Amino acid sequence: MGKKVHQNNRQKSKAINYQVYIMNWKEVFFCLVKGSVLIGLVSYLFYFSIISFLLMTPYLYYCIKKESKILQKKRMAQLRREFKEGIQALLSALDTGYSVENAFAEACKDLAMIYPEGSYITTEFKRIVYGIRMNKTAEQMLADFGERSGLEEIRNFAEIFIIAKKSGGDLLMIIRSTVQTIREKIEVQNEVETLMAGKRLEQRVMNIIPFGILGYVKLTSGDFLDALYGNLLGITVMSVCLLVYILAVKLAEKIVSVEV
């Protein structure tokens, strides 16, 4: 029993650095398969050569790094959405008359009805409660959470919370005003994200079109492309086309990557 409690305490005290994402083996395997299929298509359609496939295998390393960054951003976006509900639950507990320390514990109960066990915000709020029980202040725990989160909204909330506690002002009024401001900002971010999701889907479809055209021509009129394979001039022309395609994809990704 004592060993189980010790393991639970270790789990509660474990902190997540949301700015660094470590992929598990399934995610790495899926990324390698996806990257291999992509360079296989490029090798077949642009060069029709197994040597080109081998030369492009270093792309798999870049693919893993890119996928890790995408997953990290998704995790931070999820944390941002959950944080909006978390501070609302905290404000509701404070409105009810709970002290700051007990308000986090009460907020955990409310969040348990919204999010499953192990969600980011419930994990972080439980960690704050655990830290308070270990004689740390709520300010210390919130500051640590804000630093690890990498999100401006959480850092701002932690800073305002610390200032409000130190100044001895109307903590409830300050927190209510801060929560309202943060909620409005997060809602705007969610609206922008919803609008941009459609544009990103369009961009992905446009990324596939050049492969579709080349594949169609190769299957229906393969002789038309034979002059571009196996000679220096053809390799140069296809390499230039591939470079232009990559630049276009990068530009499109930059355009649809809007942050509020």
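That block above? That's the structure.
Note that the structure is predicted; figures quoted are calculated from it, not measured.

K.L.:
I keep staring at the overall build of the chain and nothing clicks. Help me out?
P.N.:
Helices and strands together make up the secondary structure of the chain, namely 11 helices and zero strands. Helices and strands in the chain line up, N terminus first, as α-α-α-α-α-α-α-α-α-α-α. Its C-alpha atoms give the chain a radius of gyration of 25 Å, clearly above 18 Å, the size a compact globule of 260 residues would have. Projected onto its principal axes, the C-alpha coordinates of the chain cover approximately 80 × 45 × 30 Å. Burial statistics for the chain: of 260 residues in total, 35% are counted as buried. Restricting the contact set of the chain to residue pairs at least 6 apart, pairs at least 24 apart contribute 69%. Summed over all atoms, the accessible surface of the chain reaches about 16,200 Å², with 64% contributed by carbon and sulfur. For the chain, the distance from the average position of its 34 positive side-chain charges to the average position of its 26 negative side-chain charges is 7 Å.

K.L.:
Hey, could you run me through the packing of aromatic side chains in this one?
P.N.:
Aromatic ring pairs are reported here in terms of the distance separating the ring centres and the angle at which the planes meet. Taken as a whole and assessed by the stated rule, the structure comprises 10 aromatic pairs. Between Tyr 18 and Tyr 120, the ring centres sit 5.7 Å apart and the planes meet at 85 degrees, which makes this aromatic pair edge-to-face. With a gap of 102 residues between them, Tyr 18 in the loop between helix H1 (2-13) and helix H2 (25-47) and Tyr 120 in helix H6 (residues 120-133) connect regions that are remote in the sequence. Judged by its relative accessible area of 0%, Tyr 18 falls in the buried class. Measuring from ring centre to ring centre gives 5.4 Å for Phe 104 and Phe 125, while their planes differ by 70 degrees; the resulting arrangement is edge-to-face. Of this pair, Phe 104 sits in helix H5 (residues 100-112) while Phe 125 is found in helix H6, placing the two residues 21 residues apart along the sequence.

K.L.:
Please explain the packing of helix H9 (residues 171-220) against helix H11 (residues 232-256) as it appears in this structure.
P.N.:
Angle between the axes and distance between the axes are the two parameters that describe a pair of packed helices. Put simply, H9 and H11 touch, their axes get as near as 10 Å, and they point 170 degrees apart. The angle between H9 and H11 places the two elements in the roughly antiparallel class. Where H9 approaches H11, its residues Met 196, Lys 199, Arg 200, Gln 203, Asn 207, Pro 210, Phe 211 and Leu 214 are matched on the opposing element by Met 238, Tyr 245, Val 249, Ala 252, Glu 253, Ile 255 and Val 256.

K.L.:
Got a minute to help me understand the packing of helix H7 (residues 138-149) against helix H8 (residues 152-167) in this structure?
P.N.:
At a minimum axis separation of 8 Å, H7 and H8 run at an interaxial angle of 160 degrees. Viewed along their axes, H7 and H8 adopt a mutual orientation that is roughly antiparallel. Like other packed secondary-structure pairs, H7 and H8 cross with a definite hand, here left-handed. Taken together, the residues of H8 that come into contact with H7 (itself represented by Ala 138, Glu 139, Leu 142, Ala 143, Phe 145, Gly 146, Glu 147 and Ser 149) are Ile 154, Arg 155, Phe 157, Ala 158, Phe 161, Ile 162 and Lys 165.

K.L.:
Quick question: what am I supposed to make of the environment of Tyr 44 here?
P.N.:
By the element assignment, Tyr 44 lies in helix H2. Along the backbone, Tyr 44 and Gly 215 are 171 residues apart, and their C-alpha atoms lie at a distance of 9.2 Å. Discounting chain neighbours no more than four positions away, the residues touching Tyr 44 are Lys 218 and Tyr 229.

K.L.:
What should I look at first to understand the pattern of salt bridges in this one?
P.N.:
Side-chain pairs of opposite charge can arise whenever the charged atoms involved come near each other. One pass over the full model with this rule turns up 13 salt bridges. Note that Glu 187 and Arg 183 form a salt bridge whose closest N and O atoms lie 3.7 Å from each other. Highlighted residues: Glu 187 and Arg 183, both in helix H9, separated by four residues, approximately one helical turn. For Glu 187, a relative accessible area of 32% translates into the label partly exposed. Across the pair Arg 200 and Glu 193 runs a salt bridge whose closest N-O atoms are separated by 2.8 Å. Note on Glu 193: relative accessible area 38%, which makes it partly exposed. Through salt bridges with shared partners, one network takes in Arg 80, Glu 152, Glu 153 and Lys 185.

Conventions adopted
Residues numbered from 1 in each chain as written. Predicted model: local features only at pLDDT ≥ 70, side-chain atom pairs only at ≥ 80, totals over all residues. Heavy atoms only, no water. Helix = DSSP H or I, 4+ residues; strand = E, 2+ residues; numbered from the N terminus. Rg over C-alpha atoms; globule rule 2.2 N^0.38 Å. Buried < 20%, exposed > 50% of the residue type's maximum accessible area, 1.4 Å probe, protein only. Contact = heavy atoms within 4.5 Å. Areas by Shrake-Rupley, 256 points an atom, 1.4 Å probe, with all protein chains shown as cover. Lys, Arg positive; Asp, Glu negative; His and termini not counted. Charge placed at Lys NZ, Arg CZ, Asp CG, Glu CD. Phe/Tyr/Trp six-rings, centres within 6.5 Å; stacked < 30°, edge-to-face > 60°. Axes fitted to C-alpha atoms, helices over the stretch in contact; angles between N-to-C directions. Parallel < 35°, antiparallel > 145°, perpendicular 65-115°, else oblique. Left-handed = near helix turned anticlockwise from the far one by under 90°. Salt bridge = Lys/Arg side-chain N within 4 Å of Asp/Glu carboxyl O.

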